[in-house]
Amino acid sequence: MKKAAIIISRTIIVLSMLALAGCSGNTDRSEQREHLVSHQLTIGFSQVGSESDWRVANTKSMKDTFCAANGYTLIFDDAQQKQEKQITAIRNFIQQEVDYIILAPVTEGGWDTVLQEAKDAGIPVIIVDRMVDVSNDNLYTAWVGSDFRREGEKACKWLRSYTRAMGIKAKELHIVNIQGTIGATSQIGRTEALESAAKKYGWDLLASASGDYARTKSKEVMESMLKAHGNINVVYCENDNEAFGAIEALRQADKSVGLNIRAGETLVLSFDGTTAALEHLLKGEIGLVTECNPLQGPAVRKIIETLEKEGAVPKQTYINEKVFAHDDTVESVMVHDTQYDITVVSQKLIDKRKY
Ligand code: AHR
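Structural notes, computed from the coordinates. Predicted model, so just to flag it, every value in this text is computed and none were measured.

### Topic: the sheet that holds strand β6 (residues 174-179)
- Ordered by their spatial adjacency, 8 strands build an open sheet running β7-β6-β8-β9-β10-β12-β14-β13, and the pairing between neighbours is mixed. Only two strands of the sheet have a single neighbouring strand rather than two, namely β7 (204-210) and β13 (332-335). Neighbour-to-neighbour, the strand axes of this sheet turn through a mean angle of 20°, independent of strand direction.
- Looking at chain direction, β6 and β7 are connected through 6 bridges and run parallel. In the sheet register, His 174 faces β7, and the bridge partner there is Asp 204.
- Of the strands in this sheet, β6, β8 (234-237), β9 (267-272) and β10 (288-291) touch helix α9 (residues 240-252), which is tilted by about 155° from β9.
- Strand contacts of helix α10 (residues 275-282): β10 and β12 (323-325), with the helix running at about 150° to β10, the strand carrying the most contacts.

### Let's talk about the sheet that holds strand β2 (residues 72-78)
- Across the sheet, 6 strands lie side by side as β2-β1-β3-β4-β5-β11; this open sheet has parallel pairing. Either end of the sheet is taken by a strand with one partner, and the two such strands are β2 and β11 (316-318). Averaged over all adjacent pairs, the angle separating strand axes in this sheet is 20°, with direction ignored.
- Sitting on the sheet, helix α4 (residues 83-95) is in contact with β1 (41-47), β2 and β3 (100-103), with an inclination near 170° to β1.

### Describing the site of the ligand
- Around the ligand, the surrounding shell consists of Glu 51, Ser 52, Trp 54, Arg 55, Asp 129, Arg 130, Ser 186, Arg 190, Tyr 213, Asn 239 and Asp 272.
- Between Arg 190 and the ligand, the recorded distance is 2.9 Å, taken from a side-chain N or O atom to an oxygen atom.
- Protein contact buries 100% of the 280 Å² of open area that the ligand shows by itself.
- When contributions to the shell around the ligand are tallied by element, the ones reaching two or more residues are α3 (53-65) and α7 (185-201).
- Of the residues contributing to the shell around the ligand, the split by class is 2 nonpolar, 3 polar and 6 charged.

Quick notes on the rules
- Residues numbered from 1 in each chain as written.
- Predicted model: local features only at pLDDT ≥ 70, side-chain atom pairs only at ≥ 80, totals over all residues.
- Heavy atoms only, no water.
- Pairing = 2+ DSSP bridges.
- Helix = DSSP H or I, 4+ residues; strand = E, 2+ residues; numbered from the N terminus.
- Axes fitted to C-alpha atoms, helices over the stretch in contact; angles between N-to-C directions.
- Contact = heavy atoms within 4.5 Å.
- Near = heavy atom within 4 Å.
- Polar contact = N/O pair within 3.5 Å; in protein donor to acceptor, adjacent residues only side chain to side chain.
- Areas by Shrake-Rupley, 256 points an atom, 1.4 Å probe, with all protein chains shown as cover.
- Nonpolar A, V, L, I, M, F, W, Y, C, P; charged D, E, K, R; others polar.

See the structure below:
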């Protein structure tokens, strides 16, 4: 943490900025002022990139939260999906003596050295979204994100219930998986869930390849999968942008997308829950959207503010997430010990969507 003199000078600067700065959150003014009198924190945030709509919403949530009017100076770095860039950014944050580092890691491995450097410099690191796979968990202070494996399990349970309700046998499902960035926790969890469900239920998992969470790459992957396999009837896309690319490729190949596999339609499943994906869901072009909530800024802020008061923080914080379907054929799915209600998408729900 910074020395008292630095804190005082920063506080003066921030107080004078208060009238000029604005956060889009609705934190109470007096609460903000009280916070500013005692703190002015500098945060270095290393973001993966801007590969998806989810990522753009996640960046916005962080920027809206860690803004001057809330008492923060945010140093933001976009790593363009490259781990080397993230490592350089973290080293720069250490040199700049930031108070906290927030890291959204592109993949799980390869963080030990740089996180040890941050630890040696006495800077707490908060991991967001994907996880890091490190030799010692004390290299980071806390993690905030999603249970990706559970997301995949929810989607697979829905697929099983929905197709059974339609009278479709397990062996009649010919599935391809357009995976996320290989080695990212979200890819690992969602892929593992599908592979284990395919094995358990006897689904035909024809092929898996990475679309890198991006629309263009996913379209290319879908095109080659269609050339290699003539019988695809389910496309499991590990994010919304991949679903958009896959739908484009399917349409160009004169395949119709929809929920009626029996009538020759291809059923598309997606993860994230952006407004655009819910619009596709409402039209029946996507069959299921399993939510992955990008609005993580407030949860990270809560952790930082607890640490500032020298309070204990949870090592892991999971964000609550829903499952959206086009109709109520399946009302809920049971994953392990938890029952998840399926939310039927509507225009009203889409109008209220924040990302
Ligand atoms: O790690 C979360 C995933 O990363 C989201 O599902 C995807 O859209 C993003 O790029």
